[in-house]
Amino acid sequence: MDNKFVITIGRQFGSCGKEIGQELAKRFGITFYDKELISLASKESGLCQEFFEKADEKNSGNLLQAFAAGFTFGPFQYNDFLSNDKLFQIQSDVIRKVAGEHSCVIVGRCADYILRDNKRCINVFVHADMEKRVKTVMNRQHISEQEARELIRKMDKTRPNYYNFYSDKEWGVASSYHLSVDSGLLGVHKTVDFIQKFVEEALKD
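Everything numeric here is computed off the predicted structure, so don't read it as measured data.

### Quick notes on the overall build of the chain
When helices and strands are counted, the chain shows nine helices and five strands. Walking the chain from its N terminus toward its C terminus, one meets helices and strands in the order β-α-β-α-α-α-α-β-α-β-α-α-β-α. The proportion of buried residues among the 205 residues of the chain is 46%. In the chain, 68% of the contacts between residues at least 6 apart in sequence involve partners at least 24 apart. Of the roughly 10,700 Å² of accessible surface on the chain, a fraction of 49% belongs to carbon and sulfur atoms.

In structure tokens:
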């Protein structure tokens, strides 16, 4: 029997979703993927990593400006890669590949939707109230309160736009996930405890 499983983490910016995902991966002894998927997608496709970084969790856009910036392609022809849609397809293939190879935690990038046919994929959304998110972003990025609020507002538009564009679900809505949890109530470690127990129960045969 195949006992591999995947935990996907959707998250509000500043809700500590990445940290929670990392700790979950450690608890279960499995691989963690966030920005690592960008490097893997670049290696798999032969495309310059900057393309994936610029398109990361951003919806459909034109890449022609990237040529003007001097980015180079690998073994692919430029006319095959004119939009972020193609980069999304490549990254989706990488997500399906790693999920098929071993158990892992994947943060963001519509992984829950991409792996919708995987019966052993548990989808979690992490959120927190604005004030806690502001404090987290201020401390993490060493910026002012105003800068943190502006950055959060920007990301609160970018991530839903990306998710809603590429999936048939709605970002942040509880029905789009198996579990939605407020990390601000329990803190990172107790939130990880809660999610870990949920995953263990959900995956019982």
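### Some words on the packing of helix 5 (residues 84–101) against helix 8 (residues 145–166)
Interhelical geometry of helix 5 versus helix 8 gives an angle of 75° and a closest axis separation of 12 Å. With respect to helix 8, the element helix 5 is oriented roughly perpendicular. Residues Asn84, Asp85, Phe88 and Gln91 of helix 5 form the contact with helix 8, whose participating residues are Tyr162, Phe165 and Tyr166.

### Some points on the sheet that holds strand 4 (residues 121–127)
Overall, parallel pairing links the five strands, which are arranged 2-3-1-4-5 in an open sheet. The open sheet has two free edges, formed respectively by strand 2 (31–33) and strand 5 (179–182), since each of these has just one partner strand. Taken pair by pair, the neighbouring strands of this sheet meet at an average axis angle of 20°, ignoring direction. Where strand 4 lies against strand 5, four bridges are found, and the strand directions are parallel. Bridging across to strand 5, phenylalanine 125 finds its partner in serine 180. Of the strands in this sheet, strand 1 (6–11), strand 2, strand 3 (104–107) and strand 4 touch helix 1 (residues 17–28), which is tilted by about 165° from strand 1.

### Concerning the nonpolar core
Membership of the largest hydrophobic core comes to 25 residues, with the highest contact counts inside it found for Val6, Ile95, Ile106, Cys110 and Leu115. The set of elements that each furnish at least two residues to this core consists of helix 2 (36–45), helix 5, strand 3, helix 6 (111–114), strand 4 and helix 8. Tallying contributions element by element places helix 5 first for this core, with seven residues. Apart from the residues within four sequence positions on either side, valine 6 is in contact with Ala99, Cys104, Ile106, Leu115, Asn118, Arg120, Cys121 and Ile122.

### Structural notes on the pairing of strand 4
Within strand 4, six of the seven residues are buried, which leaves it mostly tucked inside the rest of the structure. By the bridge criterion, six bridges tie strand 1 to strand 4 in an arrangement that is parallel. Its bridge partner being in strand 4, glycine 10 is matched across the sheet by phenylalanine 125.

### Here's the deal with helix 7 (residues 130–141)
Under the 1.5 Å per step criterion, the end-to-end length of helix 7 is 16 Å for twelve residues, consistent within 8% with the ideal 16 Å. Every buried residue belonging to helix 7 is among Arg133, Val134, Thr136 and Val137, and all of these are buried. Down the axis, helix 7 shows its buried residues gathered within 165° of arc, on one side only. Of the residues in helix 7, the exposed ones pointing more than 90 degrees away from the buried face are Lys135 and Asn139. Buried residues in helix 7 make contact with helix 8. Where helix 7 begins, the side chain of aspartate 129 points an oxygen toward the backbone nitrogen of glutamate 131, at a separation of 3.2 Å. Looking one or two residues beyond helix 7, the residue adopting positive phi is histidine 142, at roughly 55°.

### Topic: the side chain of arginine 120
Mapped onto the secondary structure, arginine 120 falls in the loop between helix 6 and strand 4. Reaching out from arginine 120, the side chain makes a polar contact with the backbone oxygen of lysine 4 at a distance of 2.9 Å.

### Overview of empty space enclosed by the protein
Within the structure shown, the criterion is met by two cavities of 30 Å³ or more. For the largest cavity, the calculated volume is near 120 Å³. If you trace the largest cavity, you find 17 residues lining it, with Gly10, Gly108, Arg109, Cys110 and Tyr163 closest to the centre. Looking at the lining of the largest cavity, the elements that each hand over two or more residues are strand 1, helix 6 and helix 8.

Cut-offs and rules
Residues numbered from 1 in each chain as written. Predicted model: local features only at pLDDT ≥ 70, side-chain atom pairs only at ≥ 80, totals over all residues. Heavy atoms only, no water. Helix = DSSP H or I, 4+ residues; strand = E, 2+ residues; numbered from the N terminus. Buried < 20%, exposed > 50% of the residue type's maximum accessible area, 1.4 Å probe, protein only. Contact = heavy atoms within 4.5 Å. Areas by Shrake-Rupley, 256 points an atom, 1.4 Å probe, with all protein chains shown as cover. Axes fitted to C-alpha atoms, helices over the stretch in contact; angles between N-to-C directions. Parallel < 35°, antiparallel > 145°, perpendicular 65-115°, else oblique. Pairing = 2+ DSSP bridges. Core = buried A, V, L, I, M, F, W, Y, C linked by side-chain atoms within 4.5 Å. Expected span 1.5 Å × (residues − 1). Arc of directions from axis to C-beta. Polar contact = N/O pair within 3.5 Å; in protein donor to acceptor, adjacent residues only side chain to side chain. 1 Å grid on protein atoms, 1.4 Å probe; cavity = no way out; pocket = protein on both sides within 12 Å on 5 of 7 lines; lining within 4 Å. Points joined across faces, edges and corners; volume = space filled by probe spheres on them.

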